[in-house]
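Report on the structure
Listed below, chain by chain, are the residues.
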There are 2 protein chains.
Amino acid sequence: MARIVMKFGGTSVADLDRIRNVARHVRREVAAGHEVAVIVSAMAGTTNQLVDWTRSISPLHDAREYDAVVSAGEQVTAGLLAIALQDIGVAARSWLGWQVPVKTDDAHGAARITGIDAEILRDRLGQGQVAVLAGFQGLGPDNRITTLGRGGSDTSAVAVAAALQAERCDIYTDVDGIYTTDPRIVPEARRLTRISFEEMLEMASLGAKVMQVRSVELAMIHGVRVFVRSSFAEPDDAQTGDGDLPPGTLICDEDEIVEKQIVTGIAYSKDEAKITLRRVPDKPGIAASVFGPLADSQINVDVIVQNVSADARHTDMTFTVPRADFEKAMEVIRDASEVIGYEELSGSADVVKVSVIGIGMRSHAGVAAQMFKALASKGINIQAITTSEIKISILIEAAYTELAVRTLHSLYELDRP
Amino acid sequence: MARIVMKFGGTSVADLDRIRNVARHVRREVAAGHEVAVIVSAMAGTTNQLVDWTRSISPLHDAREYDAVVSAGEQVTAGLLAIALQDIGVAARSWLGWQVPVKTDDAHGAARITGIDAEILRDRLGQGQVAVLAGFQGLGPDNRITTLGRGGSDTSAVAVAAALQAERCDIYTDVDGIYTTDPRIVPEARRLTRISFEEMLEMASLGAKVMQVRSVELAMIHGVRVFVRSSFAEPDDAQTGDGDLPPGTLICDEDEIVEKQIVTGIAYSKDEAKITLRRVPDKPGIAASVFGPLADSQINVDVIVQNVSADARHTDMTFTVPRADFEKAMEVIRDASEVIGYEELSGSADVVKVSVIGIGMRSHAGVAAQMFKALASKGINIQAITTSEIKISILIEAAYTELAVRTLHSLYELDRP
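Residues numbered from 1 in each chain as written. Chains lettered and ligands numbered in written order. Predicted model: local features only at pLDDT ≥ 70, side-chain atom pairs only at ≥ 80, totals over all residues.

**A closer look at the domain arrangement of chain A**
Inclusion rule: As used throughout, domain bounds are those supplied by an automatic or database domain assignment.
Segmentation of chain A into domains returns domain 1 (3–175 + 210–254) and domain 2 (273–348). Here the C-alpha centre of domain 2 of chain A lies 42 Å away from the C-alpha centre of domain 1 of chain A.

Set out below in structure tokens:
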């Protein structure tokens, strides 16, 4: 017997049949003797409809009213799922954010959870009643409904799991786990049984769209074990016992990962554009003169690489921005050209970032050298490199993406069990 | 300057354009210096969709979950209208039932309002902020959302008006007031400027579908003046001052009606079926033996007429039931035939109830006599008669409905201003 949290996203509750399917997933866990809290999103499409309405009425709408409108979607799903559960003999009730309450700060539209009063939930779970919580919503200090921003239901799930000290937070999604890389590029990609929080953070921010970065961070901070699994699997299969998990990927502390791989996965992101400034005066404050105006224009800079130039008084600088902001970023830099004093500005949206990720890298030298050698042997030119403790990212020409990912995937033997 | 409550039903807020239109109605009243609270229904169709979902998931759904689901509709409208108001420069915020709170009993799905804590609303109104309240919903003693049952937004509006001690509760609807009779039958029907609560109660229960009986009762008890008007009138016209009302009908205490008409209106109801028992033993308890089984079968009996039969030891009994329950009622009576001991049972769904209503009848004899004479002169046979202090109802063959209504309408000179 354990206490577990189950989270179902919009596509998993898109219609009444799927909601009934979710109810069967829940019943399976209850039948296994678990105490269960369920977090649900709005039915697919509902949130977009509600958001569109608020925007159509007024582009500059009051975020508090936006929250009142948009949170209605999860409210409906929570009630419907509670009914579906009761209908198959599972005691259940719905909980809205303000009823628990899930307390948040007052940043309406993108609120952060500040605390969850889980006592009443624990009581009810102990009595064998499933708690169905409307995700994505909370109660602000002004006694008004807040929402947590997109992907907020994952955050709700992790926060509730932390407050309930749950054994596990199961994220049901349309994929059955985290893969060593994108299976559309590498059919041999394997599903990972386990991945550390840190690795998942790097994977997520690099484009593996299973979970929001924020939710993974929250799980890491509170030590909530997150299990990513498919909501389309037959609900009555995949009975889980303690420790004995069905197909899926467990995101957990690295201490729980016994056999640490050097490299866990290969991620890539096409949402990149590269900008290079040549022969920038190498003096204090020069980085600020470049990145200050970009920040002022709300442009996020990702990779930054700075090299010495041909002569010692100048430097070359390369950085990446989101592809959608490329033109705007070029313009911002041109406008600041006198202050920066570069000699040459060039840029390209034809780049891709490929990253090799693994906690094993910490204790293993030579990962980067292997990587560069393998790419060179395939004729792939590396335009920039940036590293962290558990990640090496490179920028390459977009046309080489698939080749690079495949090369690295087999280099680190990720296709072998 | 006055404090007024404005209520808009589902068709008045059916889409974004109509919500913007409602905002302009509200702005007009604010510009006139009024403090304004607005009660909104769900966008037309929304409530039906939500109700259908709960029923499809489980016909025997938990009423508490039903309330959580169905109340989402009004929540969305309240937020959208608040945004629409802000967008045209009117300070406004949405209020959900639990936020005010609008306290109700625990009869989920058909709750009754037990109290409204209006202090915070009065404060905000005093600061010039329009309060947009989600109608139809409240907070139960279990800290869960309740709904008031169909037509509940009218009840919300009247209850809020009472709590705020509002000058007036304006019900915006798709008609522009209460008419002397159905204008589809009598084109000369006039809109009444004023009608008393008592008259309106008789009109409403007899089929004038403008307002739920329950809301009229509530208005009468609390002395809330209700003004029925069209939401499709041009919002920027119809500026109202104190006492100077635009087109519409004021439902008020009869003391406010200076020129009392003897007859105010002619109502009719086609939703009737007539059942007659002949030669029932005339002994104590016989009525109970007839109406007990009907009540047990959830059949509402309306008109009851009992006459002495040809001999003194028997009686004839006629009553009406809703047309939809006619067959069932006949069956119930047949099943109870031994207990009742009637000699002949007959029935007909081919009847209509026509009613003449007016507070002036109290002090005016001869209204009934005039009525019967006029109908007789047109060859209309009266099958049963029942009267109250301010109403005379008759049952006639359905085919004569229009003729009877027109005859009575001109008899009492209702087409004259």
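**Focus on the packing of helix H2 (residues 46–57) of chain A against helix H4 (residues 72–87) of chain B**
Keep this limit in mind: Note on geometry: axes are lines fitted to C-alpha atoms, helical ones only across the stretch in contact, with angles between N-to-C directions running from 0 to 180 degrees. Each helix is a run of DSSP H or I of at least 4 residues and each strand a run of E of at least 2, with the numbering of both proceeding from the N terminus. Should an angle fall under 35 degrees it is called roughly parallel, over 145 degrees roughly antiparallel, and 65 to 115 degrees roughly perpendicular, with every other angle called oblique. Helix crossings fall into two classes, left-handed where the near helix is turned counterclockwise from the far one by less than a right angle and right-handed where it is turned clockwise. What counts as a contact here is a pair of residues whose C-beta atoms, placed from the backbone, lie within 7 Å. In this classification, Asp, Glu, Lys and Arg are treated as charged, Ala, Val, Leu, Ile, Met, Phe, Trp, Tyr, Cys and Pro as nonpolar, and every other residue, Gly included, as polar.
In contact at an axis separation of 9 Å, H2(A) and H4(B) are set at 20° when each is read in the N-to-C sense. Taken together, H2(A) and H4(B) sit at an angle that is classed as roughly parallel. The handedness of the crossing between H2(A) and H4(B) is right-handed. The segment H2(A) lies against H4(B), with A:Leu50, A:Trp53, A:Thr54 and A:Ile57 engaging B:Val76, B:Leu80, B:Ile83, B:Ala84 and B:Asp87. Taken together, the residues that form the contact of H2(A) with H4(B) break down as seven nonpolar, one polar and one charged.

**Concerning the pairing of strand E18 (residues 351–357) of chain A**
Residue and element names in this part refer to chain A. What counts, and what does not: Put plainly, a residue is buried at 20 or more neighbouring C-beta atoms within 10 Å of its own, exposed at 12 or fewer, and partly exposed in between, counting only other residues' C-beta atoms, which are placed from the backbone. In this analysis, strands are considered paired if DSSP registers two or more bridges between them.
Where burial is concerned, most of E18 is hidden: seven out of the seven residues are buried. Direction of pairing for strand E13 (residues 265–269) relative to E18: antiparallel, over a ladder of five bridges. The residue of E18 that forms the bridge with Ala 267 is Ser 355. The pairing of E18 with strand E20 (residues 391–397) spans seven bridges and is antiparallel. The residue of E20 that forms the bridge with Val 352 is Ile 396.

**With respect to the environment of B:Phe8**
All names here are of chain B. Examined against the element boundaries, Phe 8 turns out to sit in strand E1 (residues 3–8). Judged by the 28 C-beta atoms lying within 10 Å of it, Phe 8 falls in the buried class. Taking C-alpha positions, Phe 8 is 9.4 Å from Ala 42, a pair spaced 34 residues apart along the chain. With near-sequence residues (within four places) excluded, Phe 8 lies in contact with Val 13, Val 22, Val 38, Val 40, Ser 41, Tyr 172 and Ser 231.

**Topic: the packing of helix H6 (residues 152–163) of chain B against helix H8 (residues 213–222) of chain B**
In a packed pair of helices, the relevant descriptors are the angle between the two axes and the axis-to-axis distance. All names here are of chain B. Contact pair H6 / H8: the axes reach a minimum separation of 8 Å and the direction vectors enclose 10°. Relative to H8, H6 is oriented roughly parallel. For the pair H6 and H8, the contacting residues are Asp 154, Thr 155, Val 158, Ala 159 and Ala 162 in the first and Arg 214, Ser 215, Leu 218, Ala 219 and His 222 in the second. For the contact of H6 with H8, a count of residues per class yields five nonpolar, three polar and two charged.

**Let's talk about the relation of the copies chain B and chain A**
Counted only if it meets this: The least-squares superposition of copies is restricted to C-alpha atoms, and to residues with a pLDDT of at least 70 in both copies.
Once chain B has been moved 0.0 Å along the axis and rotated by 180°, it coincides with chain A to within an RMSD of 0.1 Å. Interpreted geometrically, this transformation is the action of a two-fold axis. Identified as the residue of chain B closest to the rotation axis by C-alpha distance is B:Ala72, at 2.6 Å.

**Details of unusual backbone geometry**
With omega at -10°, the peptide bond leading from A:Val100 into A:Pro101 counts as cis. Tracing the backbone shows A:Pro101 in the loop between strand E3 (92–95) and strand E4 (102–104). Look at A:Arg279: it is not a glycine, yet its phi comes out positive at around 55°. In this structure, B:Asn143 is a non-glycine residue whose phi angle is positive, near 60°. Relative to the assigned elements, B:Asn143 resides in the loop between strand E7 (137–139) and strand E8 (145–147).

**Description of the sheet that holds strand E13 (residues 265–269) of chain B**
Note: strands within a sheet are paired through backbone hydrogen bonds, in either parallel or antiparallel orientation. Residues and elements named next belong to chain B. Spatial ordering of the open sheet is given by E13-E18-E20-E19, a layout of four strands whose pairing is antiparallel. At either end of the open sheet lies a strand with only one pairing partner, and these are E13 and strand E19 (384–388). Between one strand axis and the next, the sheet turns by 20° as a mean value, whatever way the strands run. In the packing of helix H12 (residues 367–377) onto the sheet, the strands contacted are strand E18 (351–357), E19 and strand E20 (391–397), and the crossing angle to E20 comes to about 15°.

**Some points on the confidence of the model for chain A**
Do not read the fine detail of predicted coordinates wherever pLDDT is low. Basically, it comes down to this: On a scale of 0 to 100, pLDDT captures the predictor's confidence in every residue.
The predicted model of chain A has a mean per-residue pLDDT of 91, with 97% of residues at 70 or higher. On the interface metric, ipTM, the complex scores 0.83, and its pTM is 0.85.

**Some words on the interface of chain B and chain A**
In many reports, interface size means the accessible area that the parts give up when they come together. In this complex, chain B contributes 28 residues to the contact, which on the side of chain A involves 29 residues. The biggest single contributor to the side of chain B that touches chain A is H4(B), with eleven residues. Residue composition of the side of chain B that touches chain A, by class: 15 nonpolar, ten polar and three charged.

**Re the pairing of strand E2 (residues 35–40) of chain B**
All names here are of chain B. Note the threshold: Clockwise travel from the first strand over the helix to the second, with the strands pointing away from the viewer, marks a crossover as right-handed.
Where burial is concerned, most of E2 is hidden: six out of the six residues are buried. With burial as the criterion, each face of E2 is covered, one bearing Glu 35, Ala 37 and Ile 39 and the other bearing Val 36, Val 38 and Val 40. In this structure, E1 lies alongside E2, joined through six bridges in parallel fashion. Bridge pairing in E2 links Phe 8 to Val 40. You can see the chain leave E1, run along helix H1 (residues 16–31) and come back into E2, and the turn it takes is right-handed. Alignment of E2 against strand E6 (residues 130–134), held across four bridges, turns out to be parallel. Paired with Val 40 across the two strands is Ala 134, which belongs to E6.

**Brief notes about H2(A)**
Counted only if it meets this: For a helix, the expected span equals 1.5 Å multiplied by the residue count minus one. Directions pointing from the helix axis toward each C-beta atom define the arc.
If you check H2(A), its first and last C-alpha atoms are 17 Å apart, about what twelve residues at 1.5 Å a residue would give, namely 16 Å. Those residues of H2(A) not exposed but buried are A:Thr46, A:Thr47, A:Leu50, A:Trp53, A:Thr54 and A:Ile57. Seen along its axis, H2(A) keeps its buried residues to an arc of 125°; they face one direction. Buried residues along H2(A) sit against helix H3 (63–70) and helix H4 (72–87) of chain A together with H1 and H4 of chain B.

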